[in-house]
Amino acid sequence: SRTQQNCTRKLVRNGEDKKLVICVEGNIASGKTTCLEHFSKTNEIEVLTEPISKWRDVQGHNPLALMYQDPSRWGLTLQTYVQLTMLNRHLSTASAPVRMMERSIYSAKYIFVENLYRSGKMPDVDFAVLSEWFDWIIQNIFIPVDLIVYLQTTPQICYERLKERCRVEETMIPIEYLEAIHQLHEDWLINKTSFKVPAPVLVIPADHALPKMLHKYEENREKILLARN
Ligand code: TTP
Ligand code: MG
């Protein structure tokens, strides 16, 4: 399309110096993977979906399932591994001028670790150890992010999508969990009352069914691809 060509030209022009990194954030089942799959059809975009397969199988163990079964016992285990796999994603060598990735090391900490801790399901000592790891990483390792695309949904919609897709580990998730995760996203990316936001935020309302969502992604294509931090 014309917009696509236009974006490519501008990328080539000012893309020599710096690659672009876009993180897609939003509640569980908000449509992040679908969004990334849509943009993966563009040549100059490299898409990194979430390392969830690793969280379900690290040397034969499933820390994601363990965390849902007993968060107090296994929250630290899962979140340590999530942090490692996210860092690995952030630091992997870019293969295209634009990188779009599902989530970031930031949301793993500011949303999921924070939620475990605030809901009383993570012991103080586990939270302290994870926090020191996280703070060390972001102070000593450069993790560039140019834009956050926030897929903003209502928890009820995510709840329905989650039940439809039926990931075994997630079958016991109550609506209250999605409401808490939603509020943490809102406070971080919209109200900006909780944690430092590492990049400008582009909000895309994402309650709509797939065809309309694809249309919305196209409407926002230029804004996404030409973002500069
Ligand atoms: P999401 O990162 O929200 O990914 P998703 O694939 O469910 O989202 P979408 O449908 O929008 O593509 O969550 C993946 C699963 O991992 C979910 O069960 C929540 C869990 N999780 C944690 O428990 N801790 C974390 O730090 C992260 C990032 C995810
Ligand atoms: Mg996904």
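Throughout this description, residue numbers start from 1 for each chain and increase along the sequence as written. Lettering for chains starts from A, numbering for ligands starts from 1, and both go in the order in which the items are written. The predicted nature of this model means local features are confined to residues of pLDDT at least 70 and side-chain atom pairs, given and counted, to a pLDDT of 80 or more, with totals for whole chains, interfaces and linings taken over all residues. Side-chain numbers here rest on the full set of heavy atoms in the structure, without hydrogens or water.

### Regarding the coordination of the magnesium ion (ligand 2)
Any N, O or S atom lying within 2.8 Å of the metal counts as a donor, with the limit raised to 3.2 Å for Na, K and Ca; because water is left out of the atom set, some sites can appear incomplete. Surrounding the magnesium ion (ligand 2) are the protein donor atoms Thr33 (OG1) and Glu102 (OE), which sit 2.0 to 2.2 Å from the metal. Taken together, the residues threonine 33 in helix 2 (residues 32-39) and glutamate 102 in strand 3 (residues 98-102) connect sequence positions 69 residues apart. Given the relative accessible area of 30%, threonine 33 is considered partly exposed. A 1.4 Å probe rolled over the protein chains alone gives each residue an accessible area, and that area as a share of the maximum for its type sets the label: buried under 20%, exposed over 50%, partly exposed in between. Residue classification places glutamate 102 among the buried residues on the basis of a relative accessible area of 7%. Numbering of helices and strands runs from the N terminus, with a helix taken as a DSSP run of H or I at least four residues long and a strand as a DSSP run of E at least two residues long.

### Quick word on the pattern of salt bridges
Salt bridge, as used here: a side-chain nitrogen of Lys or Arg that lies within 4 Å of a carboxyl oxygen of Asp or Glu. According to the stated counting rule, one finds eight salt bridges in the structure shown. Note that glutamate 25 and arginine 103 form a salt bridge whose closest N and O atoms lie 3.2 Å from each other. Taken as a pair, glutamate 25 in strand 1 (residues 20-26) and arginine 103 in the loop between strand 3 and helix 6 (105-118) lie far apart in primary sequence, 78 residues in all. Exposure remark for arginine 103: the relative accessible area of 4% places this residue in the buried category. Between arginine 56 and glutamate 169 there is a salt bridge, and its shortest N-O distance comes to 2.7 Å. On the criterion of sequence distance, the pair formed by arginine 56 in helix 3 (residues 52-56) and glutamate 169 in the loop between helix 8 (155-165) and helix 9 (175-190) is long-range, its members being 113 residues apart. Judged by its relative accessible area of 10%, glutamate 169 falls in the buried class. If you follow the salt bridges from partner to partner, you end up with Glu25, Glu50 and Arg103 in one network.

### Topic: the packing of aromatic side chains
Geometry of aromatic contacts follows a simple scheme: Phe, Tyr and Trp rings, the Trp one being its six-membered ring, pair when their centres are within 6.5 Å, and the pair is stacked under 30 degrees between planes, edge-to-face over 60, tilted otherwise. In this structure the tally under the stated criterion is eight aromatic pairs. Between phenylalanine 39 and tyrosine 217 the ring centres are 6.0 Å apart and the planes differ by 55°, which places this aromatic pair in the tilted class. A residue pair is termed long-range when its members are at least 10 positions apart, and phenylalanine 39 in helix 2 and tyrosine 217 in helix 10 (residues 210-219) qualify at 178 residues. Overall, phenylalanine 39 belongs to the buried group, its relative accessible area being 0%. Residue tyrosine 217 is classed as buried on the basis of its relative accessible area of 2%.

### What about the site of ligand 1?
Within the structure, ligand 1 sits among 23 residues, and Glu50, Tyr68, Arg103, Arg165 and Glu170 are positioned closest to it. Side-chain atoms alone can form a polar contact between residues adjacent in sequence; in general such a contact is a pair of N or O atoms within 3.5 Å, and within protein one must be able to donate a hydrogen while the other accepts it. The side chain of arginine 165 places a nitrogen or oxygen atom 2.7 Å from an oxygen atom of ligand 1. To measure how exposed things are, a 1.4 Å probe is used in the Shrake-Rupley method; for residues, cover is taken only from the protein chains shown. Alone, ligand 1 offers 590 Å² of accessible surface; in the complex the protein occludes 98% of this. Counting residues per element, the ones that place at least two in the shell around ligand 1 are helix 2, helix 3, helix 4 (63-69), helix 5 (71-91) and helix 6. Each residue gets one of three labels, nonpolar for Ala, Val, Leu, Ile, Met, Phe, Trp, Tyr, Cys and Pro, charged for Asp, Glu, Lys and Arg, and polar for the others, Gly among them. Its residues placed into classes, the shell around ligand 1 shows eleven nonpolar, five polar and seven charged. Nearness is judged by heavy atoms alone; a residue qualifies as near a molecule or strand once a single heavy atom is within 4 Å of it.

### As for the side chain of arginine 103
Polar contacts involving the side chain of arginine 103 include one to the side chain of histidine 185, which spans 3.3 Å. The residues touching arginine 103, leaving out its near neighbours within four places in the chain, are Cys23, Val24, Glu25, Gly26, Asn27, Ile28, Lys32, Glu50, Met86, Phe112 and His185. Residues are treated as being in contact if the distance between any of their heavy atoms lies within 4.5 Å.

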